[in-house]
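In case you want the letters, here they are:
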Amino acid sequence: MEIKKVGVLGCGLMGSGIAQVAAMAGFDVTSLEVEQKFLDKGFAGIEKSLAKFAEKGTIKETPQAIRARLKGTTKKEDLADCDIIVEAVIENVEEKKKMYSALDAIVKKEAIFASNTSSISITELLTAAKRPERFIGLHFFNPVPLMKLVEVVRTIATADEVYETAYEFGKNLGKVPVRTSDKTGFIVNRLLVPYMLDAIRAYEEGVGSIEDIDQAMKLGCGYPMGPFTLLDFVGLDTTYYITHVMYDEFKERRFASPPLLKRLVMAGWYGRKSGRGFYDYADPANPKPNKL
Ligand code: 3HC
């Protein structure tokens, strides 16, 4: 099966990034949102990112030529003839299922349904549509235009031909696909989440300051960001949500939220996006660790 037309559900941080890389790779893309204002915000981010790439000479086409392959819509019917639907809506099982169920009746039968969820079971999501063999996970990483990886997630119901089509699609997007199966967290979050939670526990136990733990992991391990910078970047609310899904699945302490993470989330300190998390972003170019 050949993929030509891509539908992306949600035009937030991840959805707009996925739409952008698909358009950059030459696909015709339609992004679906509930309101025009969310499309406007997502597309403004895409234009900024394309301008940056153009300035650096990393894209062969003009931003306008890439942008011309991107359409935004608030009508599900506009996705009827897509070959693949990549869902990147809010991490909420019921919301995602509602979306899949509505689209199943509209989008052509042969189309592949993919989810960018970071922790929700793909098998649970596939129950919302009547195409279990054509359902997979495609998990991208933030910031999508820069991060090279995509996890291609197989369920017990996925047809081989669908899986291979999705794997090739990942390559055609300019990403490096890895094969994984529908176990909560897939590969990256299975390893990354306990690492980030351990950093919080180390801080709670007085092993080091926020800044020193970040410096240690950056300079000692060559990571691009220390764990607290990364937690604030991913979003503390998002991480907290993931801990619940992972703890529920495995019942192991390493996936459970440390008390400090819970308190930060309760206080509305979600990290970079809310201006405050482990660091304070009053001056975004010069974040200061909070006294926690
Ligand atoms: N589009 C185009 N260019 C962009 C961009 C975008 N969306 N975002 C950043 N850039 C540019 C910057 O403007 C900058 O350009 P410049 O060199 O001209 O100033 C350049 O990329 C490098 O950015 P920075 O100088 O800000 O910083 P870094 O060199 O540290 O690179 C990074 C940024 C790629 C984000 C790097 O810090 C990194 O790899 N961090 C780790 C990110 C990570 O681990 N992500 C995964 C999170 S987990 C996840 O997503 C899974 C989920 O399920 C939880």
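As a starting point, this report considers the structure included with it.

Criteria and cut-off values
Residues numbered from 1 in each chain as written. Predicted model: local features only at pLDDT ≥ 70, side-chain atom pairs only at ≥ 80, totals over all residues. Heavy atoms only, no water. Near = heavy atom within 4 Å. Polar contact = N/O pair within 3.5 Å; in protein donor to acceptor, adjacent residues only side chain to side chain. Helix = DSSP H or I, 4+ residues; strand = E, 2+ residues; numbered from the N terminus. Nonpolar A, V, L, I, M, F, W, Y, C, P; charged D, E, K, R; others polar. Expected span 1.5 Å × (residues − 1). Buried < 20%, exposed > 50% of the residue type's maximum accessible area, 1.4 Å probe, protein only. Contact = heavy atoms within 4.5 Å. Core = buried A, V, L, I, M, F, W, Y, C linked by side-chain atoms within 4.5 Å.

Details of the site of the ligand
No. 1: The ligand sits among 18 residues. The nearest are Ser49, Lys56, Ser118, His139 and Asn142.
No. 2: Within the side chain of Ser49, a nitrogen or oxygen atom sits 2.6 Å from a nitrogen atom of the ligand.
No. 3: Contact distances for the ligand include 3.0 Å between an oxygen atom and a side-chain N or O atom of Asn189.
No. 4: Among the elements of the structure, helix H2 (36-56), helix H7 (188-204) and helix H9 (227-234) are those that each provide at least two residues to the shell around the ligand.
No. 5: Per-element accounting of the shell around the ligand gives the leading share, 4 residues, to H2.
No. 6: Looking at the shell around the ligand residue by residue, the classes come out as 11 nonpolar, 5 polar and 2 charged.

Regarding helix H1 (residues 13-24)
Each turn of an α-helix holds 3.6 residues, which means side chains three or four residues apart point in the same direction.
No. 1: If you check H1, its first and last C-alpha atoms are 16 Å apart, about what 12 residues at 1.5 Å a residue would give, namely 16 Å.
No. 2: With 10 of 12 residues buried, H1 is to be regarded as a mostly interior element.
No. 3: One or two residues past the end of H1 sits Gly26, with phi positive at roughly 100°.

As for the environment of Met14
No. 1: Relative to the helices and strands, Met14 resides in helix H1.
No. 2: Between the C-alpha atom of Met14 and that of Gly42, which follows or precedes it by 28 residues, the distance is 9.4 Å.
No. 3: Not counting chain neighbours up to four residues away, the residues in contact with Met14 comprise Ala88, Asn116, Phe140, Phe141, Asn142 and Val144.

Some details on the nonpolar core
No. 1: Val6, Val29, Leu138, Phe140 and Phe169 are the most contacted members of the largest nonpolar core, which has 37 residues in total.
No. 2: Contributions of two or more residues to this core are made by strand E1 (5-9), H1, H2, strand E4 (84-87), strand E5 (112-115), strand E6 (135-140), strand E7 (149-154) and helix H6 (160-172).
No. 3: When residues in this core are grouped by element, the largest group, 6 residues, is from H1.
No. 4: If sequence neighbours within four positions are ignored, Phe169 has contacts with Ile3, Val6, Phe27, Ile84, Val86 and Leu138.
No. 5: Counting residues in each nonpolar core, the second largest holds 26 residues, with Ile213, Phe228, Leu231 and Val265 among its members.

Remember that the coordinates give geometry; whether it matters functionally is a separate question.
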